[in-house]
Every structure is written in C-alpha cells, then in structure tokens.
Amino acid sequence: MTVQQISVFLENKAGRLAAAASVLKNNAVNIRALTIAESSNYGVLRMIVSDPDKTMAVLKDAGFTVKQNPMIAVEIDDREGLLFDIVSLCDAEGINIEYTYSYVETASKKAILFLRFEDTDAAVQMFTRRGYKLLSPDEVCKI
Amino acid sequence: MIWDEKHESMPRTGLRELQTERLKAIARKVYDNVPFYKSKFDALGVKPEDINTIDDIAKLPFTTKDDMRDVFPYGLLACDLKDIVEIHTSSGTTGKPVVDAYTQGDIDLWGEVMARTLSMGGVTADDIVQNAYGYGLFTGGLGAHYGIRRIGATCIPISGGNTKRQLDMMRDFGSTALTCTPSYSLYLAEAGKEEGIDFSKLPLRVGFFGAEPWSESMRADIQAKLHIKAYDIFGLTEIIGPGVAAECECQDLLHVFEDHFYPEIINPDTGKPLPDGEKGELVFTTLTKEGTPVIRYRTRDITYLTREPCPCGRTAVRMHRILGRTDDMLIIRGVNIFPSQIEQVLIKMEGVEPHYQLLVERKGNLDCLEVLVEMTEDLFSDELKRLEQKEREIEDKLRDSLLVHSKVKLVEPKSIPRSEGKAKRIIDKRSI
Ligand SMILES: [Zn+2]
C-alpha cells in the first residue's frame, strides 16, 4: 500500500515557491503534507495531495518540472520515540530510508509518517509483516 | 537539385578565370569609387593593376568590422546612392551597426544565391516555405524571401516569433519547408509537442537553419523532433546576408558560392593565408556586389576549406560549419572553449536538452565557468542527492571535453532566454 508524492523543482529565486503555491491555490489542490528539501541553488517541494494526477497536470501546464513517486504512509500513535522505533526497525531489516516527514493529527493523537524508500516494495512487506497500519490514498485524502 | 548548373558545377580552371576577372574588376571599382579602399590600397602600396590572378587577392588589404563601423553609414558605397534600392544593417548591439546597401543587381544576386541554397534541400516551385527568419533590417527574413520568390515557391512571410501562430500556419497551410534559426526550430518542436502536434504527420520535410552556430548533434535532434531534413546555411550581413554558403544534399560541408563570394582562410594572428584543410579565420571578398563591395572581410569565424570533389557534382569549394569565433571563443584559464563543445557534451547525455548558458566570472585571479543547464523531466528526481549526482556527472563529462573544470547548475525549464533570435549563450562578467 503506497501513496503518491508530487515533487516540484524550484530554483532558489524570489517568487518561485509563491508561483507554485498560487498554481495549487488556483486549482484548489488540497495539500495533506509537505516539505522542502534545499540545496544552495534549488529546492524540491515535496507534497502529499488529495488528487496527485490533477496536481501533476496543473503544475506541468504552468511550466514546472514535476514527478510522482510512491511513498509509504504509516499511521501510528503519536508518542515520544516513534521516529526512533521506525528508523531502528528499518536499520535492523537493512532497509534504507531516503527521507521522511510527518503529519500529526492533534484530535486523534495519531501521527502519520511519510517515508521514501529506495526499495518501496521491501518496506511495504516489512511494515505489513510487523502489523503496522499503512494508509491508502483514499485514507490520506481524508486526513 | 542544382539551381545554376553552369556556375555551381563549373570546372575549377574556368572558375578561377572567372574569379580572376571579377576580382580585377572589383579591385578597380573600389579603388576608383570608395575613398576608404583607395587609402587602404595606397597604404599597402597596392594598385588594382597588381591583380593578375585570383591568388593576388593576398596583396589586398583586409576589412574589419571596426573599419565598417568607422565609415558608417555610407562609407563603403561604390555607386550612386540613388542606385541603392534597399538597406539592411546588423543589430549593432556592440557598437555602430554594419550597413549593407543593395542595388537592384545586388538584390537579384541575393535571390539567386538563396535560390541555390534552397534548391540544395530540394525546394522547388511546388513548395510552401514558412519563412520564420525575422523580416526587417535583419538580413535573414528578406534574404530567404527573395530566394523563395526566385524559385517560384510559395512564401509564407511569417517572420520570427509568435510560436503559436507559427504552429497553426504550419498545420493549416501545410508548409513543406521551414527557414529560421536552429534554436528556434527546436523551440517550435518543443512547443508543438506540448500542443500535441505529431510532426511526422505534417507535410513539413525540410528546414534551412542559420544565423547562429549549431552542431551535428543538434541537427540529429532537430531532424528527429521535426521529422525533416535539416540543412545548415551560412551568411553574414557584412557580405550579403544569408546565401554565402550552404550545405548540399550530402549534409556534410557547405558549398561557398565562390563565383560571387571568394573565401580565404588566414592565420588570425599573422594574416597569412592558410592551405586547404587548415583551420583559421574565414575571410570573404565580394566579387560581384555593386552597392557595398567588400574586400577581404575578416569574419572572425573559424573554419577550414576543402576543394575535394563533392558527390553532388558541384565544384564550388566547401567550408566546414563554423567551428567557433575568434571573438566568441571563450578563453578560460588559458584554454579555448567554444559553446558548440558544450552543446556536444549535453546533447549526448540522456535526459539532457541542449539548453544551456555559460556564465564566466573572475573570482580573485581565477576564471570561473558556470554552466546553467535546464532541468528536464527525465533529469528530475525528488532526491537532492540524485540531482547533485547529475550535476557532477555533467561536470565530469564537460571537463573531459573542455579540459577545464566548470560548475554545473540545474535551472528551471525555459528559464534560459532563447527562441526568437539568437540564443544568448554566453554571459562574460570578467572585466579584464
Ligand atoms: Zn555537394
């Protein structure tokens, strides 16, 4: 079970992030979670959105370079040390995490970790085997 | 198809005789009618009667771009102003523009040499030529126009720019041939792809591209994307505009229309003529122009010539596509670099498009070359380390080819100015 992440290439120039954000706003794209990875010259805006295909299309139309890739969305109780637990589990199983970011639901006291793996299939198997709850695209839309 | 069999396939001995006669006449004409040339000839102690064969051309003085600017606007005129029917100039972005003043005879000549050019790519009266060179002072638009008209083909004088309309015209009118700059042809291909145009289904079959340097790999790219045969054409405002040299159906070297524009290759440092096959600065003398004839114009373009027979049957000397510019050539840490080398490297790399710009700066005492390369979907990754890997990979390939280190920076697509005219490839911020 994976969800789609949208990545957008952004030069580190004034107004580029705003330009991307305005495309998202004008097309009523619902962002569930996002993070920006930066180098000195450019950044990559990474997002989990309600409608990945439409989001891809509208950003492409606006001239942005975009890409989709599968992420794993793990839902867990929000508590201290949970990142450590997940990371050490992956380490123990020899599964390499590329990066991760999270979403915290204050009402339900649940956290959702979005994880990018080199080998997504292996990671899905591991989490499933260990009884973790992986969210479907529909479930992510509802958060 | 050979437009002017008699002149284009003339036995070389006959051609030399014709050139000798024409050189004698033009030397006499400029000496008698252009004070600028009279003083140049006199300074070297050379007289028109010293010309006995075409090889005596080496006795004549050179003309530089600065010379042309010094005598702006009418200083090269060899006839009465009333006989001039049209004037073109260069853009003059780096100083006073260069002026080309045409008599009716010159305009007819221009149509002839452009008719030869287009015939090389098989254009006939049956063709519809979309002329996307800029019309106006720039010689590209009208030069191509006169050639298209001379052949009797249908001309769509759309001029440069307005990409959407270019694509519409191409589809609606069924253009079979395209004339524009090579970078604009790629821009059209991209824009057409975005609009969902399948170029393999259009009647377009041939293109004539010039006015900026391009490479063999860019040709492959244009041919694949537009589904046409792409020919390199060459010309310069200082001589006549387009129509000085062009590739024949062999798509290899460019035949110079040397019965009208006599080429030489010289050592740019000493001014001494170089033999066939040796690279040096290209120099042109107009043998038949009436309005503003030019003696031994130093183009600052680097290439070489060959008189080896061409399979197409034309006997005219051939030049290699321009290898670089004596002035556009970048010297970075003592190494000569031509933008075309960078293009070659990029076009060979998977997922990389040849849209690039060079930024040169001096940091401390060191020249720093930064190469901006546009991001493509194939290159892009959500992981920064992969993007950085790509940059390093391009840097390594560039270093292998250029022999100097450069810093590659990925930039957003279409952020490098291009398209309408000449791509702005180099920004040199060094003040030396
Ligand atoms: Zn030939």
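Here is what the cut-offs are and how they apply
- Residues numbered from 1 in each chain as written.
- Chains lettered and ligands numbered in written order.
- Predicted model: local features only at pLDDT ≥ 70, side-chain atom pairs only at ≥ 80, totals over all residues.
- Core = buried A, V, L, I, M, F, W, Y, C linked by C-beta atoms within 7 Å.
- Buried ≥ 20, exposed ≤ 12 C-beta atoms within 10 Å, placed from the backbone.
- Helix = DSSP H or I, 4+ residues; strand = E, 2+ residues; numbered from the N terminus.
- Contact = placed C-beta atoms within 7 Å.
- Nonpolar A, V, L, I, M, F, W, Y, C, P; charged D, E, K, R; others polar.
- Pairing = 2+ DSSP bridges.
- Right-handed = clockwise from strand over helix to strand, strands pointing away.
- Expected span 1.5 Å × (residues − 1).
- Arc of directions from axis to C-beta.
- pLDDT = per-residue confidence, 0-100.

1. Regarding the nonpolar core
- In terms of nonpolar packing, the biggest core is built from 86 residues, with Val30, Ile239, Val244, Ala245, Val256, Phe261 and Phe284 of chain B touching the most fellow members.
- Counting residues per element, this core draws most heavily on helix 5 (residues 104-120) of chain B, which supplies seven residues.
- When near neighbours in sequence (up to four residues on either side) are disregarded, Val30 of chain B contacts Tyr37, Ala78, Pro293 and Ile295 of chain B.
- Leu59 of chain A together with Phe338, Leu346 and Leu410 of chain B belong to the second largest nonpolar core, which has 48 residues in total.

2. Section: the environment of Lys390 of chain B
- Residue placement: Lys390 of chain B occurs in helix 11 (residues 384-402).
- Separated by 38 residues in sequence, Lys390 of chain B and Val352 of chain B place their C-alpha atoms 9.9 Å apart.

3. Some details on the interface of chain A and chain B
- Listed as interface residues are 15 residues of chain A and, on the opposing side, 15 residues of chain B.
- Every element with two or more residues in the side of chain A that touches chain B is listed here: strand 1 (3-11), strand 3 (42-49) and strand 4 (66-77) of chain A.
- Broken down by element, the side of chain A that touches chain B gets its largest block of residues, four residues, from strand 1 of chain A.
- Residues belonging to the side of chain A that touches chain B are distributed by class as follows: four nonpolar, seven polar and four charged.

4. Examining the pairing of strand 6 (residues 206-209) of chain B
Residues and elements named next belong to chain B.
- Residues Val206 and Phe208 point to one face of strand 6 and Gly207 and Phe209 to the other, with burial holding for every one of them.
- Pairing between strand 5 (residues 177-180) and strand 6: four bridges, direction parallel. The residue bridging Cys180 from the neighbouring strand is Phe209, located in strand 6.
- With respect to chirality, the unit in which strand 5 leads through helix 8 (residues 182-194) into the neighbouring parallel strand 6 is right-handed.
- Two elements, strand 6 and strand 7 (residues 229-236), share four bridges in a ladder whose sense is parallel. Bridge pairing in strand 7 links Phe209 to Asp232.
- In terms of handedness, the path from strand 6 via helix 9 (residues 216-226) over to strand 7 forms a crossover that is right-handed.

5. Regarding the sheet that holds strand 4 (residues 154-156) of chain B
- The strand order across the open sheet built from nine strands is 4-3-5-6-7-8-9-14-13 (chain B), with neighbouring strands paired in mixed fashion. Among the strands making up the open sheet, the edge pair consists of strand 4 and strand 13 (305-306) of chain B.

6. Comments concerning the sheet that holds strand 11 (residues 280-286) of chain B
Residues and elements named next belong to chain B.
- Across the sheet, which stays open at both edges, the four strands sit in the order 10-11-12-15 with antiparallel pairing between neighbours. Across the chains shown, the open sheet's two edge strands, defined by having one partner strand only, are strand 10 (261-266) and strand 15 (324-325).
- Relative to strand 15, strand 12 (residues 297-303) runs antiparallel, the two sharing two bridges. Bridge assignment links Ile302 to a residue of strand 15, and that residue is Gly324.

7. With respect to unusual backbone geometry
All names here are of chain B.
- The residue after Phe72, namely Pro73, is reached through a cis peptide bond having omega 0°.
- The residue Pro73 is located in the loop between helix 4 (65-70) and strand 1 (84-89) in this model.
- One non-glycine residue, Arg300, lies in positive phi territory at about 70°.
- In this structure, Arg300 sits in strand 12.
- Non-glycine residue Lys414 carries a positive phi angle of around 65°.
- Its location among the elements puts Lys414 in the loop between strand 20 (407-411) and strand 21 (426-428).

8. Regarding helix 11 of chain B
Residues and elements named next belong to chain B.
- Over its 19 residues, helix 11 extends 26 Å from the first C-alpha to the last, a length consistent with the 27 Å expected when each residue adds 1.5 Å.
- For helix 11, the complete set of buried residues consists of Leu387, Lys390, Ile394, Leu398 and Leu402. Angularly, the buried residues of helix 11 cover 90° about the axis, an arc narrow enough to put them on a single face. Counted as exposed and oriented over 90 degrees from the buried face of helix 11: Lys385, Gln389, Arg392 and Asp400.
- Taken from the residues just after helix 11, Leu403 is the one with a positive phi, measuring 70°.

9. Some details on the confidence of the model for chain B
- The predicted model of chain B averages 92 in pLDDT, with 96% of residues at 70 or higher.
- Interface confidence for the predicted complex, expressed as ipTM, amounts to 0.90; the pTM equals 0.65.

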